[in-house]
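Next come the chains, spelled out residue by residue.
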Amino acid sequence: MSHNHSHHVAATSMLAKMQFGESFICQSIHKINSRGIFSGDDPLAFSLPLFLLQLFLMFIFTRLIYLILKPFGQPFFVSQILGGVTLGPSVLGNNSAFSDKVFPSKAKNVLDTLAFFGFLLFVFQLGVKIDPTTIYRSPKRTFSIGILVFFVPYTLSSIVVFFLRHFASLDHDFSKMLSIVVEIDCMTTIPVIAGFLAELQILNSEIGRLAISSSLVCDVCYWFVVTIKYAVHLTFTKSIGVTIGSGISCTLLILFVVYIVHPAALWAIQHTPEGKPVEEIYICGVLILLMFCGFMGEVIGLNAVVVAFMVGLAIPDGPPLGAALVDKLDCFVSVVFLPMLFVIGGLRTNVYAIQKVKNLGAVQLIVCVAFCGKIVGALLPLLFCRMPFRDALSLGLIMNFKGNIELALLINWKLLNALSNECFSIMVITILVITAIVTPIVKALYDPSMRFLAYRRRTILHHRNDEELRIMACIHEQDNVLAILNLLTASNPTEASRIDLVVLHLVKLVGQASSVLVAHMPREKPRKHATQSQKIFNVFSKFEQAYRGKLTVHCYKGISPYATMHNDVCYLALEKRTTFIILPFHKQWIIGGTTESTFAFKQLNKNVLEKAPCSVGILVDRGSQKKFWCGYMKESIYQVAVFFFGGKDDREALAYARRMSEQPNVHVTLFHFSSTADIVGGTERSKILDTQVLSDFRLNAFRNDRVSFKDESVMNGRDVLSAIEYMESNYDLVMVGRRHAESQLMSELKKWKHGELGVVGEIFASLNIGAKTSILVVQQQTRFWGSRDAEETTPLRRVDI
């Protein structure tokens, strides 16, 4: 009786495993114990120096290979695989002396166990980064792409496997492995796609967002098929009791994660004030729940890795809890554990094990069919939606990316003896080749900045007074708000010439897999602890109420990596047909007159200046602004100075000042610099346009007593510096163009300052011209369709393409 009972329990536990078979961790511990790793001498003390040596060698080879392949556009994943293969039997490991000393059998078993634990944390971390509710917010084409990208290659490759098994003379054991090849090739995992998109710097592009959403649907399709196959296998091969018991156990664990873990995470978030770090007790609690759920999953037959991913999905992504967990685990996992994954993958990859050409040909045939099937599955709905073929092809190629998840699954199947050395080596090399080929092709095919070309001139200079002026204000933090509100107030919103304002709060992507660009929806009941975004948007809502009928505000929040944050700015500017983008300067003045500089914001401004579909203004705020926008009803005066040397950017700044001069509480002073010699270089056409714009400005402001002119005759750069220093603190805002053509004067000024604000803008930002003075450095639109000459249009001749 006892024997039968124990046999029944063992059978139930074994049969309840998912498709992956017996648990990785159980098998690893069994191997370690069977080889005496934890008995007799102390192997861990012996293995620690060896373990550090293995990691060091992996780091050296990976970095060296990455430096070699980087000029060819290869991702870091390719270098990691090659680093692992280099240490394996394919290269260095082929030397028995090296293999025995650096990777002895006992060390391999310990490495396997640690790698599994690290992979469990890695998968949990990936689950934390993913927002599963994204699938409900996705458009219909996302569902069609995700479904077709999985089922088209799955169907085609399954048909190929059927014919190979019946008409090709393959070994019986090898033919059984082809189903694993099909599953690996048809997978499209969101963590892998997100990682490659981030490395290609297109995570928050149109194709990037589409790929993220589609890969999530594809993941759901994959796990649906795996679950159905597992249920069918249990139904036809095992008893009803085993099938029902397995289903109930899995359901209870899922309910525990959904109704216990998820609410507990939400409770921890609600008890964490905005901007404050998460308490360590919450982090420890989540990790304890992770280990408990993983253990329970192993008990009932679910793979601990699958359970870890489920627990990660239950944790809300982003700050505060999700970001804190990722921050705590990321360095440890990526630096210590992931290299182990590539080491054990490389140690089991042996190119010399590939002996039969027909086996290699069979796998490659399946791979090619699945590869083409994914492209076809992506092309069909996208071409139906009239997306350009180049973009649709790029998405199809992106969906073929392979990464850490696929490699880990291959290693798992290899350790369970579901894959032979030959098949395993073929698949690892195939993953390497596909990723190495696809990455540079996608880089060549898809450039998000090409989508940021407007079909007309979007400048203030070419803007009609009776048209609505569309402005976008980018905000990093609350300190940026006051200076922008003063500038918008001075921009003279009226009922005849309204301002359509888009406010974009830019937030760094932390603890999330995919970028977010969403419109802000006001809450009927405000939260007890308002987020920073809500505080910023509330101020602009009050601003909209103060100018009701004259100004409309649209609030957006963009969460993306700093490296690609400009894509959100340019995309939204193109979508909203923006005329002028306002960006905060990367340096921030704080109490005491000192400054703080942010390199990430500097790169953001640089990228927007290069790729924006309209004119751009960099606003330098010295931190001592008066509240002009609050005091406009009390006859508060806002003093504006415009420095005009010549050139298209100065003309754009002067056009903006002309609009400001119509504001009753704004006084504008134009400083026109002239000289007997050419003060600013450029073409004759540009100089004619300068004269026209100046004459037009003087004519319109002739009867306006709030506008004054100062002609400054200068001979050298020192005269310009003297004029700037003479201004002292008389002005609230100074406006100047960013770019000026080469001339002797500008060459002299470059000796003092030169940077992203241009020659004159950098001088203004560096000199002490008054704590209350803000500087607006203006750049006119640089690119639009059908134009090679940015100065081909004039204020008198508009272009409507």
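The preceding data block contains the structure.
Everything quoted here is computed from the prediction, not taken from an experiment.

What counts, and where the lines are drawn
Residues numbered from 1 in each chain as written. Predicted model: local features only at pLDDT ≥ 70, side-chain atom pairs only at ≥ 80, totals over all residues. Heavy atoms only, no water. Helix = DSSP H or I, 4+ residues; strand = E, 2+ residues; numbered from the N terminus. Buried < 20%, exposed > 50% of the residue type's maximum accessible area, 1.4 Å probe, protein only. Contact = heavy atoms within 4.5 Å. Areas by Shrake-Rupley, 256 points an atom, 1.4 Å probe, with all protein chains shown as cover. Pairing = 2+ DSSP bridges. Phe/Tyr/Trp six-rings, centres within 6.5 Å; stacked < 30°, edge-to-face > 60°. Arc of directions from axis to C-beta. Axes fitted to C-alpha atoms, helices over the stretch in contact; angles between N-to-C directions. Parallel < 35°, antiparallel > 145°, perpendicular 65-115°, else oblique. Left-handed = near helix turned anticlockwise from the far one by under 90°. Nonpolar A, V, L, I, M, F, W, Y, C, P; charged D, E, K, R; others polar. Core = buried A, V, L, I, M, F, W, Y, C linked by side-chain atoms within 4.5 Å. Polar contact = N/O pair within 3.5 Å; in protein donor to acceptor, adjacent residues only side chain to side chain. Salt bridge = Lys/Arg side-chain N within 4 Å of Asp/Glu carboxyl O. Right-handed = clockwise from strand over helix to strand, strands pointing away. Patch = residues over 30% accessible without salt bridge, like charges linked within 9 Å, V, L, I, M, F, W, Y side chains within 5 Å.

Chemist: Run through the overall build of the protein chain, naming residues and quoting values.
Modeler: Along the backbone of the protein chain there are 28 helices and 13 strands. Scored against the burial criterion, the 801 residues of the protein chain give a buried share of 55%. Summarising the internal contacts of the protein chain: among those between residues at least 6 apart in sequence, 84% fall at separations of at least 24. Summing over all exposed atoms, the protein chain offers an accessible surface of approximately 35800 Å²; the carbon and sulfur share of this is 61%.

Chemist: Explain the pairing of strand β8 (residues 615-620) residue by residue, including any values.
Modeler: Within β8, six of the six residues are buried, leaving the element largely enclosed by the surrounding structure. Side-chain alternation along β8 places Ser615, Gly617 and Leu619 on one buried face and Val616, Ile618 and Val620 on a second face that is also buried. Here β8 pairs with strand β13 (residues 774-779) via five bridges, running antiparallel. Paired with Leu619 across the strands is Leu776, a residue of β13.

Chemist: Please give an account of the packing of aromatic side chains that cites residues and values.
Modeler: To describe a pair of aromatic rings, you give the distance between the ring centres and the angle between the ring planes. Inspection of every chain in the model, using the stated rule, returns 21 aromatic pairs. Measuring from centroid to centroid gives 5.9 Å for Phe77 and Phe342, while their planes differ by 65°, and the two rings are edge-to-face. A residue pair is termed long-range when its members are at least 10 positions apart, and Phe77 in helix α4 (residues 76-87) and Phe342 in helix α15 (residues 321-347) qualify at 265 residues. Phe342 gets classed as buried once you look at its relative accessible area, which sits at 2%.

Chemist: I'd like a description of helix α26 (residues 717-726), backed by residues and values.
Modeler: Residues that lie three or four places apart on an α-helix share one face, since the helix turns once every 3.6 residues. Where α26 is concerned, the buried positions are Gly717, Val720, Leu721, Ala723 and Ile724. The buried side chains of α26 occupy one side of the element, clustering within an arc of 160° when seen end-on. The exposed set on the far side of α26, more than 90 degrees from its buried face, consists of Glu725 and Tyr726. In the core, the buried residues of α26 are packed alongside β9 (638-644), β10 (666-674), β11 (707-713), α27 (744-750) and α28 (758-766).

Chemist: Which residues make up the packing of helix α20 (residues 481-490) against helix α21 (residues 532-546), and what are the values?
Modeler: The interhelical angle for the contact between α20 and α21, taken along N-to-C directions, is 20°, at an axis separation of 11 Å. With respect to each other, α20 and α21 are oriented roughly parallel. Both α20 and α21 take part in a crossing whose hand is right-handed. Packed against α20, whose contacting residues are Val481, Ile484, Leu485, Leu488 and Thr489, the element α21 presents Ile536, Val539, Phe540 and Phe543 at the interface. Split into classes, the residues belonging to the contact of α20 with α21 amount to eight nonpolar, one polar and no charged.

Chemist: Explain the nonpolar core residue by residue, including any values.
Modeler: Core analysis: the largest hydrophobic core is formed by 140 residues, its most contacted members being Phe124, Ile184, Ile315, Leu321, Ile398 and Phe401. A per-element tally of this core places α15 first, with 14 residues. Counting 49 residues, the second largest nonpolar core, distinct from the first, contains Leu461, Ile475, Tyr547 and Ala653.

Chemist: Now, about the side chain of Asp649: what can you tell me, with residues and values included?
Modeler: By the secondary structure assignment, Asp649 is in helix α24 (residues 648-660). The class for Asp649 is buried, based on a relative accessible area of 0%. Among the polar contacts made by the side chain of Asp649, one reaches the main-chain amide nitrogen of Gln780 at a distance of 2.9 Å. In contact with Asp649, other than residues within four places in its own chain, are Gly737, Arg738, Arg739, Val778, Gln779 and Gln780.

Chemist: Help me get a handle on the side chain of Ser661, residues and values and all.
Modeler: Among the structural elements, Ser661 can be located in the loop between α24 and β10. Given the relative accessible area of 5%, Ser661 is considered buried. Contacts of Ser661, omitting those with residues within four sequence positions, involve Val668, Asn704, Arg706 and Val707.

Chemist: Report on the pattern of salt bridges, specifying residues and quantitative values.
Modeler: Here the structure, examined in full by the defined rule, presents nine salt bridges. Lys229 is paired through a salt bridge with Glu183; the nearest N and O atoms lie 2.9 Å apart. You can see Lys229 sitting in helix α11 (residues 206-237) and its partner Glu183 sitting in helix α9 (residues 172-186), a full 46 residues away along the chain. With relative accessibility at 35%, the residue Lys229 sits in the partly exposed group. When salt bridges with common partners are traced through the structure, they connect Glu468, Arg470, Arg498 and Asp500 into a single cluster.

Chemist: Lay out the pairing of strand β1 (residues 469-475) with the relevant residues and their values.
Modeler: Among the seven residues of β1, six are classified as buried, and the element is accordingly described as predominantly covered. Here seven bridges tie β1 to strand β2 (residues 499-508), and the two strands are oriented parallel to one another. Note that in β2 the partner of Ile475 across the bridge is His505. For the crossover that starts at β1, traverses α20 and ends in the parallel β2, the hand is right-handed. One ladder, built from three bridges, connects β1 with strand β5 (residues 580-584); its direction is parallel. Across the sheet, the residue bridging to Met472 is Ile581, located in β5.

Chemist: Describe unusual backbone geometry, and please don't skip the residues or the numbers.
Modeler: Even without glycine at this site, Arg386 takes up a positive phi of about 65°. In this fold, Arg386 is placed in the loop between α16 (357-384) and α17 (389-398). With a relative accessible area of 78%, Arg386 lands in the exposed category.

Chemist: Tell me about the sheet that holds β13, and please be specific about residues and values.
Modeler: What the eleven strands build is an open sheet, ordered β3-β4-β2-β1-β5-β8-β13-β12-β9-β10-β11; its pairing is mixed. If you trace the sheet from one side to the other, it starts and ends with β3 (516-519) and β11, each paired once. Across the sheet, the mean angle from the axis of one strand to that of its neighbour is 20°, orientation sign disregarded. Each of β1, β2 and β4 (551-560) is contacted by α21, which is oriented at about 165° to β4, the strand it contacts most.

Chemist: Tell me about the environment of Ala353, residues and numbers included.
Modeler: With respect to the element layout, Ala353 can be found in the loop between α15 and α16. Here the alpha-carbon distance between Ala353 and Glu422, two residues 69 residues apart in the chain, equals 5.0 Å. Beyond its immediate stretch of four places on either side in the chain, Ala353 contacts Asn421 and Glu422.

Chemist: Residue-level account of the environment of Ala194, with values.
Modeler: If you trace the backbone, Ala194 turns up in helix α10 (residues 190-200). You can call Ala194 buried: its relative accessible area is 7%. In this structure, the C-alpha to C-alpha distance between Ala194 and Gly208, residues 14 residues apart in sequence, is 8.2 Å.

Chemist: So what about a nonpolar patch on the surface? Which residues, and what values?
Modeler: A surface patch of nonpolar side chains, amounting to about 890 Å² of accessible area, comprises Ile240, Ile244, Ile248, Leu252, Ile254, Leu255, Val258, Tyr259 and Ile260. Looking at the secondary structure, you find Ile240 in helix α12 (residues 240-270). Residue Ile240 is classed as exposed on the basis of its relative accessible area of 65%.

Chemist: Can you break down helix α22 (residues 565-575) residue by residue, with the values?
Modeler: Taking burial as the measure, the eleven residues of α22 include eight buried ones, the bulk of the element. Phi turns positive, to about 50°, at Arg577, one or two residues after α22.

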